[in-house]
Amino acid sequence: MINPEAKAYTDIPLSEWIPWSRRSLDNLNIVRVERSGEETLAGVRCVHYLGYDTKSGGAVKMRPCAEFWCLPKPACSKEALQYWCKLFALPVGYGLPIKVRQVCDGRFVMVFDPLSVKTRSGQKEAFELPGGYHKVKDRTALYFAGAGGDLNASDLNEFFRSDLDRR
């Protein structure tokens, strides 16, 4: 996680990052996927899928809980593919999701929509931080890195302990 304005970064385990990044979205349990067609998004050909949280449609057409567009043969590692699917709560095996909409509070919301798609191979430098970035110890320090010095969660607790009537 980076704070470009303060040129600061911190490492966050995926087990913390994924729930934090999905904090406003309902959890999905997709048990059935239907192929809806093919489309070109951001200049690449994708397969469009509908995801359902029920196994059978029966006589009544069930409403999907998600729709997603995937690159069918992504040029990425299996681990990267699994990460992106887990981030968007999608099943693995349909390709790399590059556009995702999910039902939240009864309506579809955009979760991820690409502006552009580029394939890069063997360019490790594309994933390195630019020069001048410094590591901070946690998210609190990252958020307030531009304030100067290290700010700890305990500093915020002290700030909020003051008497509200005296403000």
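Going by the structure above, here's the rest.
Below: a short report on this structure. On a predicted model such as this, the values are computed, not experimentally measured, just so you know.

**Points about the sheet that holds strand E8 (residues 134-135)**
Strands in a sheet are paired, the pairing made by backbone hydrogen bonds, and the direction either parallel or antiparallel. Here we have 3 strands laid out as an open sheet, ordered E1-E2-E8, and mixed in their pairing. The sheet is open, and its two edges are formed by strand E1 (2-3) and E8, each paired on a single side. Note that E1 and strand E2 (residues 8-9) share 2 bridges and pair antiparallel. Looking at the pairing, Ile2 lines up with Tyr9 of E2.

**Re the environment of Phe144**
Relative to the assigned elements, Phe144 resides in the loop between helix H3 (139-143) and helix H4 (153-159). Measuring from C-alpha to C-alpha, the distance between Phe144 and Asn3 comes to 9.1 Å, with 141 residues separating the pair along the chain.

**Focus: the packing of aromatic side chains**
Using the criterion set out here, one finds 7 aromatic pairs in the structure. Aromatic ring contacts, followed pair by pair, group Tyr83, Trp84, Phe88 and Phe112 into a single cluster. Taking NZ or CZ as reference, Arg32 lies 4.0 Å from the ring centre of Tyr52, over its face. A cation over an aromatic ring shows up here: Lys99 above the ring of Trp69, its NZ or CZ 4.7 Å from the ring centre.

**Brief notes about unusual backbone geometry**
Non-glycine residue Lys7 carries a positive phi angle of around 55°. Summarising the element assignment, Lys7 is placed in the loop between E1 and E2. Although it is not a glycine, Ala89 sits at a positive phi angle of roughly 60°. Tracing the backbone shows Ala89 in the loop between helix H2 (78-87) and strand E6 (96-104).

**Considering the nonpolar core**
In this structure, Leu28, Ile30, Phe68 and Leu90 are the most contacted members of the largest nonpolar core, which totals 15 residues. Secondary structure elements with two or more residues in this core: strand E4 (44-52), strand E5 (66-71) and H2. The element best represented in this core is E5, accounting for 3 residues. Discounting chain neighbours no more than four positions away, the residues touching Phe68 are Ile30, Val33, Val47, His48, Tyr49, Gly51, Leu90, Tyr94, Lys99 and Val100. Ranked by size, the runner-up nonpolar core spans 9 residues in total, among them Leu41, Val44, Trp69 and Ile98.

**A look at the side chain of Thr10**
Mapped onto the fold, Thr10 is located in the loop between E2 and helix H1 (14-21). Looking at Thr10, its side chain comes within polar contact range of the main-chain oxygen of Val136, at 3.1 Å. Apart from residues no more than four positions distant in its own chain, Thr10 is found in contact with Met1, Val136, Lys137, Asp138, Arg139 and Leu142.

**Examining the sheet that holds E4**
Taken together, the 5 strands give an open sheet; going across it, the order is E3-E4-E5-E6-E7, and neighbouring strands pair in antiparallel fashion. The open sheet has two edge strands, strand E3 (32-41) and strand E7 (107-112), and neither has a second partner. Averaged over all pairs of adjacent strands, the angle between their axes in this sheet comes to 20°, without regard to strand direction. Examined bridge by bridge, E4 and E5 share 5 bridges and lie antiparallel to one another. Bridge assignment links Val47 to a residue of E5, and that residue is Cys70.

Cut-offs and rules
- Residues numbered from 1 in each chain as written.
- Predicted model: local features only at pLDDT ≥ 70, side-chain atom pairs only at ≥ 80, totals over all residues.
- Heavy atoms only, no water.
- Pairing = 2+ DSSP bridges.
- Helix = DSSP H or I, 4+ residues; strand = E, 2+ residues; numbered from the N terminus.
- Phe/Tyr/Trp six-rings, centres within 6.5 Å; stacked < 30°, edge-to-face > 60°.
- Lys NZ or Arg CZ within 6 Å of the ring centre and 35° of its normal.
- Core = buried A, V, L, I, M, F, W, Y, C linked by side-chain atoms within 4.5 Å.
- Buried < 20%, exposed > 50% of the residue type's maximum accessible area, 1.4 Å probe, protein only.
- Contact = heavy atoms within 4.5 Å.
- Polar contact = N/O pair within 3.5 Å; in protein donor to acceptor, adjacent residues only side chain to side chain.
- Axes fitted to C-alpha atoms, helices over the stretch in contact; angles between N-to-C directions.

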